[in-house]
There are 2 protein chains.
Amino acid sequence: MTIKLGLIGVGKIARDQHIPAIAANPDFTLVGVGSKSGQGVDGVPTFPDLAGLCAAVPDLDAVTICTPPQDRHIVIRDALNRGLGVMLEKPPGATLSEIADLPGLAAAKQVALFATYHSRFAPTVAPAKAWLADKKVTGVRVRWLEDVRQWHPGQDWVFQPGGLGVFDPGINALSSLTEILPLSPFVVSAALSFPANRDTPIAATLALTDTAATPIDVTLDWRQTGEQVWEIAVDTDAGPLLLSGGGAKLDVGGTTTDDEDKHAEYNGLYRRFAELVPAHTIDFDTAPIKLLADAFMLAKRTQVDAFDW
Amino acid sequence: MTIKLGLIGVGKIARDQHIPAIAANPDFTLVGVGSKSGQGVDGVPTFPDLAGLCAAVPDLDAVTICTPPQDRHIVIRDALNRGLGVMLEKPPGATLSEIADLPGLAAAKQVALFATYHSRFAPTVAPAKAWLADKKVTGVRVRWLEDVRQWHPGQDWVFQPGGLGVFDPGINALSSLTEILPLSPFVVSAALSFPANRDTPIAATLALTDTAATPIDVTLDWRQTGEQVWEIAVDTDAGPLLLSGGGAKLDVGGTTTDDEDKHAEYNGLYRRFAELVPAHTIDFDTAPIKLLADAFMLAKRTQVDAFDW
């Protein structure tokens, strides 16, 4: 018996990652998609929304929600109230307040709830976490430097209020960071650079620490041209660890492992969801979003050059 | 047997409110204070810090922490690890991330932990909450308009990163609001006004809602001269409710109640802490700070006139 799965929100991430990952996983059958725009998926029935999908497929087991964060909590709550397991593309919501009671609702309804952070399922993250578990971390440097014109061409929403700016990719760095470190990091100070004509930061430097007073420096910048850098460098009492390529590559203890499989992360998400759905388990970590909200709350703001595509 | 209490951080709020409230409550004996500056309290032994206090008073039961939010989590963690009950002046910390694991630590140590929001203990808040409990709320307007020059004269820290600006009093509004409303509010959008020469907002307008789509408008402004306004107006299916004077006055159902006792709020906090300490109970709500962090994260930022004292 496979899990009868629906998918709500058929955008770029659904087509590039979710649909191939679902197709590759024998535990799931994609029985329908909900698409406000009417854009469907070949060979899968398309409905305008969750209500339409549920009316046509009364024995639906679970849904993946890939709609934009705005107003997403209404769809999530609707799905949980219908007794469906729910998997969420990141971030789980637009605010911390609106998602605060979702785990309680899922528990009351006895259904699975999975707030995903795909970067945590990069092939090197679990080995990095395992290696760090018994080490003393003495310093961490995160650099997430990419060209917004290459990765979000013309997508003005990232610079609109709530669009999070450079934290849109930055949440990938923060989700991997919080996953691999043995102690939970928190923000001490933050400097955010806002383009003169935009509402979200194009660059950020954060000073984080933990209960052992470890210095953890995070640099996020969307103005990087040339080489793109997504790396977490960890110094320990047993030598350095370097996670690079956004988690594709790991250098530790004189060994390099490299995995260029572009689908590894989302395949991992669906393997995990296949465990959560039948067990009615809740996996709903908000640590990455808290770091992000804290950075905005504490920030020193600097105005920088206007940004145009 | 009274609770042997220490107080860490002897600033204005400790002298104006905590020390009189402790003196007025027969459940507590103030056995010592921790004061980095050496400023003490008449008739009470003074120590440089928590370690000095604990060395001199080995049977200490609990502490109240009134130090500034920055670096406060170190003191809190130290107190919990020593097996002391802990009461926190608001806000419980500088960030959401740094306080995330405190309830777990208190539970592991089996000690009380109390994140206080004094405005919730205004005499009208409990009656307002009780009256609203079975009503349908149709709209809410919060206005918290005060003159920063009158209430924080020359205190530059409120305008420095992490000082929260107009959210320093605004957290009082948000803590009362979240206490009295039957459904949890969350932020939909926010507009923050930053003085050209400052790092925190001097005014804010927030649009909140709840799972019933109730419109909840919040206006915070530190540029108010003349009449000072701290009020929450709630429209319901059974008529309006108006909480004003920051919670001193309640108008509902044709009746006005008025309580000008300036010590009612902190007396209420210590009555509650006297219940929590022997029961090892955790009362640690982060909803007010989440609303605040969410507002910063979603905000449309506007630059306004420079502010000087």
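Since the structure is predicted, the reported quantities are computational estimates derived from the model, not experimental observations.

Trainee: So what exactly am I meant to see when it comes to the nonpolar core here?
Mentor: For soluble globular proteins, the rule of thumb is that nonpolar side chains tend to be buried together. If you look at the biggest cluster of nonpolar residues, it comprises 152 residues, and the most contacted ones within it are Val63(A), Phe167(A), Val63(B) and Phe167(B). Beyond its immediate stretch of four places on either side in the chain, Phe167(B) contacts Leu174(B), Leu192(B), Pro201(B), Ala204(B), Leu206(B), Leu220(B), Leu292(B), Ala295(B) and Phe296(B).

Trainee: What am I meant to see in the relation of the copies chain A and chain B here?
Mentor: There are two copies of the chain, and a rotation about an axis plus a shift along that axis relates them. If you rotate chain A by 180 degrees and push it 0.0 Å along the axis, it lands on chain B with an RMSD of 0.0 Å. Look at the turn and shift together and you get a two-fold axis relating the two. Interface overlap between copies: 100% of the residues of chain A at the interface are likewise at the interface in chain B, consistent with a symmetric, same-surface contact.

Trainee: Help me understand the sheet that holds strand S3 (residues 46–47) of chain A, please; the structure alone is not making it clear to me.
Mentor: The pairing of strands in a sheet comes from backbone hydrogen bonds and takes either a parallel or an antiparallel form. Residues and elements named next belong to chain A. Taken together, the seven strands give an open sheet; going across it, the order is S3-S2-S1-S4-S5-S6-S15, and neighbouring strands pair in parallel fashion. The strands lining the two open edges of the sheet, one partner per strand, are S3 and strand S15 (282–283). Here strand S1 (residues 3–8) runs beside strand S4 (residues 62–65); their pairing, made up of four bridges, is parallel. Counted as the bridge partner of Leu-5 is Ala-62 from S4.

Trainee: Got a minute to help me understand the domain arrangement of chain A in this structure?
Mentor: One frequently used descriptor of interface size is the decrease in accessible area upon assembly of the parts. Residue and element names in this part refer to chain A. Looking at the assigned domains, one finds that chain A contains domain 1 (3–115) and domain 2 (119–258 + 293–304). Placing the centre of domain 1 and that of domain 2 at their C-alpha centroids yields a distance of 28 Å. With four residues of domain 1 at the contact, the number on the domain 2 side is five residues. Counting each side, the surface lost to burial between domain 1 and domain 2 is near 390 Å², with a carbon and sulfur contribution of 65%. Inspection of the domain 1/domain 2 interface yields zero salt bridges. The interface formed by domain 1 and domain 2 holds one residue pair in polar contact (both at pLDDT 80 or more) in total. Along the lines of polarity and charge, the residues of the side of domain 1 that touches domain 2 split into three nonpolar, no polar and one charged.

Trainee: Please clarify how the pairing of strand S9 (residues 203–209) of chain B should be interpreted in this entry.
Mentor: Side-chain positions along a regular strand alternate between the two faces of the sheet. Residues and elements named next belong to chain B. Of all the seven residues making up S9, five are buried; the element is thus mostly covered by neighbouring parts of the structure. Examined bridge by bridge, strand S8 (residues 186–195) and S9 share seven bridges and lie antiparallel to one another. Within S9, the position partnered with Phe-186 by the bridge is Thr-209. The pairing of S9 with strand S10 (residues 216–221) spans six bridges and is antiparallel. Within S10, the position partnered with Ala-203 by the bridge is Asp-221. Linking S9 back to S10 in an antiparallel pair, the connection comprises six residues, with Ala-213 at a positive phi of about 65 degrees.

Trainee: How should the environment of Asp308(B) be read in this particular structure?
Mentor: Residues and elements named next belong to chain B. Turning to its location among the elements, Asp-308 is positioned in the segment after strand S16 (300–304). C-alpha separation for the pair Asp-308 and Arg-198, spaced 110 residues apart in sequence, amounts to 9.4 Å. The contacts of Asp-308, once residues within four sequence positions are left out, are Arg-149, Asn-197 and Arg-198. Here the side chain of Asp-308 touches Asn-197 through a polar contact of 3.4 Å, side chain to side chain.

Trainee: Just to check I follow, could you spell out helix H9 (residues 264–279) of chain A for this structure?
Mentor: Given 3.6 residues per helical turn, the α-helix brings residues three or four places apart onto the same face. Residues and elements named next belong to chain A. The end-to-end C-alpha separation of H9 is 23 Å, in line with the 22 Å expected for 16 residues at 1.5 Å each. Restricting attention to buried positions, one finds in H9 the residues Ala-264, Glu-265, Tyr-266, Gly-268, Leu-269, Tyr-270, Phe-273, Ala-274, Leu-276 and Val-277. Of the residues trailing H9, His-280 is marked for its positive phi of about 55 degrees.

Trainee: Any chance you could explain the environment of Asp251(B) here in plain terms?
Mentor: Residues and elements named next belong to chain B. Assignment of secondary structure puts Asp-251 in strand S13 (residues 249–252). When the C-alpha atoms of Asp-251 and Leu-164 are compared, they prove to be 31 Å apart, with 87 residues separating the residues in sequence. Ignoring sequence-local partners within four residues, the contact set of Asp-251 consists of Pro-240, Leu-241, Leu-242 and Thr-256. Within the structure, Asp-251 has its side chain in polar contact with the side chain of Thr-256 (distance 2.4 Å).

Trainee: Teacher, can you tell me more about the interface of chain A and chain B here?
Mentor: On the chain B side, the residues contacting the 30 residues of chain A number 30 residues. Summing both partners gives a buried area of about 2700 Å² for chain A against chain B, and 64% of it is carried by carbon and sulfur. The tally of links from chain A across to chain B stands at two salt bridges. Seen at the junction of chain A and chain B, the total is eight residue pairs in polar contact (both at pLDDT 80 or more).

Conventions used here
- Residues numbered from 1 in each chain as written.
- Chains lettered and ligands numbered in written order.
- Predicted model: local features only at pLDDT ≥ 70, side-chain atom pairs only at ≥ 80, totals over all residues.
- Heavy atoms only, no water.
- Core = buried A, V, L, I, M, F, W, Y, C linked by side-chain atoms within 4.5 Å.
- Buried < 20%, exposed > 50% of the residue type's maximum accessible area, 1.4 Å probe, protein only.
- Contact = heavy atoms within 4.5 Å.
- Least-squares fit on C-alpha atoms with pLDDT ≥ 70 in both.
- Pairing = 2+ DSSP bridges.
- Helix = DSSP H or I, 4+ residues; strand = E, 2+ residues; numbered from the N terminus.
- Domains from an automatic or database assignment.
- Buried area = accessible area lost by both parts, 1.4 Å probe.
- Salt bridge = Lys/Arg side-chain N within 4 Å of Asp/Glu carboxyl O.
- Polar contact = N/O pair within 3.5 Å; in protein donor to acceptor, adjacent residues only side chain to side chain.
- Nonpolar A, V, L, I, M, F, W, Y, C, P; charged D, E, K, R; others polar.
- Expected span 1.5 Å × (residues − 1).

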